[in-house]
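Each chain is listed here by its residues.
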Amino acid sequence: MKPAPKPTPETQPFWDGTAAGELRIQRCQSCERHYFYPRPSCPHCGSDQVEWVRASGRATLYSYVINHRPAPGFEDAGPYAIAVVELEEGVRMMTNIVGVENVPEKLPLDMELQVVFERRGDVSVPLFEPAGEPR
Amino acid sequence: MNVVIAGAAETDEVGRLPQHSTLQLHLEAARNALADAGLTKDDVDGIATVGTPGPIQVAHALGMTPAWLDGTGVGGSSFLFHVRHAAAAIRAGLCHTVLITHGESGRSRVGAGRWGMGADSLLGQFELPYGVVGPPTSFTITALRYMKETGLTHEQLAEVAVAQRRWASRNPRAMFRDLITVEDVFASRLVAYPFHLLECCLVTDGGGALIVTSEERARRSPVYLLGSGESAESPIISQMEDFTTSKAFRLSGEAAFAEAKITHDDVDHLMIYDAFAHVPIYGLEDLGFVGRGEAGAFIAEGHTSPGGRLPLNTNGGGLSYTHTGMYGMFAIQESVRQLRGEAAAQVPGVELSVVLGNGGMFASAATLVLANRLP
């Protein structure tokens, strides 16, 4: 089985979101910037007046590698992309790219993506697929 | 007060050492460095180490009772931090002579710490679920972005490994010594596209130790610490601010150059922590030796190779010499050897050397400016 994250109190709202099929990130009410990973105060301005918002789920492909030595749980995945995507809201997160063959020719940087969710035990992890493409 | 490196030595061997525990490697390196310095353990009143087994056990095993301890553990750059912190402690009068040890059974895993992070850690929640298998699949993830934004080619990335093998071929202690070509790099196994096996560092066993003290207490020709800097960026690589430049490299380098009051033209020799082939490219640019996007061509044109104007990673680096898991100690050791004129691949006339250390995946960095003369 693929590794599953274990939430902590400050990250629980993120994982509650993925379980509900939503990508939730934090936004600072003082400087109005989004940020990721979950933290109790804004890394930009230091304010603790922060809120959880639902991200659009739209992203672009920022960078990646294609791993040829699978991690435990990924043995049947073949060479797979470990990617970092940039959300429309301006924050980045690591993910996997699904719904497209994971070869360099099919994974141009800055390609448009949208979030999907994959159930792993008690949690769901956000993955990304090409936007507007048939799966 | 002038702070110096008064002793420096590695373990008798580096490479595959299944007969050595992690602790043994620390102790052997410590004894070698003390002998190199012409000092005994009773001359030492400070200790700094990182990882397993930690400063208390190393000091106790050596029969030392330290007046000052530092266990700063920020990955492979920790030893550069230790040198900087030791210098500050000596100047502050907290201790007089500091022993910094490294030993890691990185390959054989004898008496070594456990790998891995919990599923509730930052890494465990936001990176490991995506099939990360250690540094080869995460440290490397910035490279495609860098290539797109700067035009760095796959050939130029491979040239980093080719250039460092030229140095390793002159170093009998290097684990890999056969000269290689770009074609050899491309023919080696793909580990994590775009990185082939020869663009990834070794995994070895070994250790090293340093004696840092005041110039007055040094018994042999000292290596002066002219300046140092340290910084940190993100604990997980996905949150690095810009995948094409390391903020920690830049800030630690600027601080070290400013304290040492040097310019790039003063630098005769350079060591940049090379866990993977792209790291020296970032280091050359982030330290300001070349402009943005220029490092790949600079290396490919031979400027960092034997006979070039900026000798880089002259022991063969983590790609060809040795990499126990925390390589920073070995980068410092090679700078000291070059400054003493004792290196296997000695560069003529080295008077000033810069060492850039990396910790984690572009997570921490420290820079040292070392010289065999005062300015």
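Residues numbered from 1 in each chain as written. Chains lettered and ligands numbered in written order. Predicted model: local features only at pLDDT ≥ 70, side-chain atom pairs only at ≥ 80, totals over all residues. Heavy atoms only, no water.

As recorded by an unreviewed UniProt entry, chain B carries the name Thiolase and is attributed to Actinomadura luzonensis.

You'll find chain A entered in an unreviewed UniProt entry as Zn-ribbon domain-containing OB-fold protein, with Actinomadura luzonensis given as the organism.

This part covers the sheet that holds strand E9 (residues 269-272) of chain B. Residue and element names in this part refer to chain B. Spatially, 9 strands are ordered E3-E2-E4-E7-E1-E8-E11-E10-E9 in an open sheet, and the strand pairing comes out mixed. Edge positions in the sheet fall to strand E3 (68-70) and E9, since each has one partner strand and no second. Taken pair by pair, the neighbouring strands of this sheet meet at an average axis angle of 25°, ignoring direction. Sheet topology places strand E2 (residues 46-49) next to strand E4 (residues 97-105); 4 bridges connect them, and they run parallel. Following the sheet pairing, Gly46 is matched in E4 by Val98. Running over the sheet, helix H3 (residues 78-91) touches strand E1 (3-10), E2, E3, E4, strand E7 (205-214), strand E8 (223-232), strand E10 (352-359) and strand E11 (364-371) and is turned about 115° from E8. (Pairing = 2+ DSSP bridges. Helix = DSSP H or I, 4+ residues; strand = E, 2+ residues; numbered from the N terminus. Axes fitted to C-alpha atoms, helices over the stretch in contact; angles between N-to-C directions. Contact = heavy atoms within 4.5 Å.)

Bringing empty space enclosed by the protein into the picture now. In this approach a probe as big as a water molecule rolls over the atoms, and the regions it shows empty are the leftover space. Under the counting rule described, the total for this entry stands at 1 cavity of 30 Å³ or more. Its volume calculated, the largest cavity comes out at about 40 Å³. Lining the largest cavity are A:Phe14, A:Trp15, A:Phe36, A:Met93, A:Met94, A:Pro126, B:Gln125, B:Phe126 and B:Tyr130. Each residue belonging to the lining of the largest cavity can be placed in one class, and the counts come to 8 nonpolar, 1 polar and no charged. (1 Å grid on protein atoms, 1.4 Å probe; cavity = no way out; pocket = protein on both sides within 12 Å on 5 of 7 lines; lining within 4 Å. Points joined across faces, edges and corners; volume = space filled by probe spheres on them. Nonpolar A, V, L, I, M, F, W, Y, C, P; charged D, E, K, R; others polar.)

Put simply, the second largest pocket is a space of about 490 Å³. Each residue belonging to the lining of the second largest pocket can be placed in one class, and the counts come to 7 nonpolar, 6 polar and 7 charged.

A word on the sheet that holds strand E3 (residues 50-54) of chain A. Residues and elements named next belong to chain A. Spatially, 3 strands are ordered E2-E1-E3 in an open sheet, and the strand pairing comes out antiparallel. Two strands lie at the open edges of the sheet, namely strand E2 (34-35) and E3, each paired on one side alone. Pairing geometry for strand E1 (residues 24-28) and E2, over 2 bridges, is antiparallel. The residue bridging Gln26 from the neighbouring strand is Tyr35, located in E2. Relative to the sheet, helix H1 (residues 12-19) contacts E1 and E3, its axis offset from that of E1 by approximately 135°.

Many analyses report the size of an interface as the accessible area lost when the parts associate. Of the residues lining the interface, 36 residues belong to chain B; the matching set on chain A comes to 40 residues. Between chain B and chain A, roughly 3100 Å² of surface is buried when both sides are summed, and carbon and sulfur atoms account for 62% of that area. It is B:Phe126, B:Tyr130 and B:Tyr193 that lose the most area in chain B upon contact with chain A, and together they represent 24% of the buried surface on that side. Between chain B and chain A we count 2 salt bridges in total. Across the chain B-chain A interface, the total number found is 18 residue pairs in polar contact (both at pLDDT 80 or more). Here the side of chain B that touches chain A is built from residues that sort into 22 nonpolar, 8 polar and 6 charged. (Buried area = accessible area lost by both parts, 1.4 Å probe. Salt bridge = Lys/Arg side-chain N within 4 Å of Asp/Glu carboxyl O. Polar contact = N/O pair within 3.5 Å; in protein donor to acceptor, adjacent residues only side chain to side chain.)

Right, let's get into the environment of B:Val50. All names here are of chain B. Along the chain, Val50 turns up in the loop between E2 and helix H2 (55-62). Residue Val50 is classed as buried on the basis of its relative accessible area, which comes to 6%. Sequence spacing of Val50 and Leu190 is 140 residues, and the spatial spacing of their C-alpha atoms is 32 Å. Beyond its immediate stretch of four places on either side in the chain, Val50 contacts His26, Thr72, Gly73, Ser78, Phe79, His82, Thr101 and Met326. (Buried < 20%, exposed > 50% of the residue type's maximum accessible area, 1.4 Å probe, protein only.)

With that out of the way, let us pick up the nonpolar core. If you look at the biggest cluster of nonpolar residues, it comprises 145 residues, and the most contacted ones within it are A:Leu61, A:Tyr64, A:Leu87, A:Phe128, B:Leu284 and B:Ile332. Once residues within four sequence positions are removed from consideration, A:Leu87 is found in contact with A:Leu23, A:Ile25, A:Ala55, A:Arg58, A:Ala59, A:Met93 and A:Phe128. Counting residues in each nonpolar core, the second largest holds 17 residues, with B:Leu39, B:Val44, B:Val58 and B:Ile211 among its members. (Core = buried A, V, L, I, M, F, W, Y, C linked by side-chain atoms within 4.5 Å.)

Our focus in this paragraph is the UniProt feature "domain: ChsH2 C-terminal OB-fold" (unreviewed entry) in chain A. Listed under "domain: ChsH2 C-terminal OB-fold" (unreviewed entry) in the UniProt record, and renumbered for this structure, are residues 52-118 of chain A. Helix and strand shares over residues 52-118 of chain A are 0% and 49% respectively, and the end C-alpha atoms of the span are 21 Å apart. (UniProt positions renumbered as here; feature names shortened; annotations may be inferred.)

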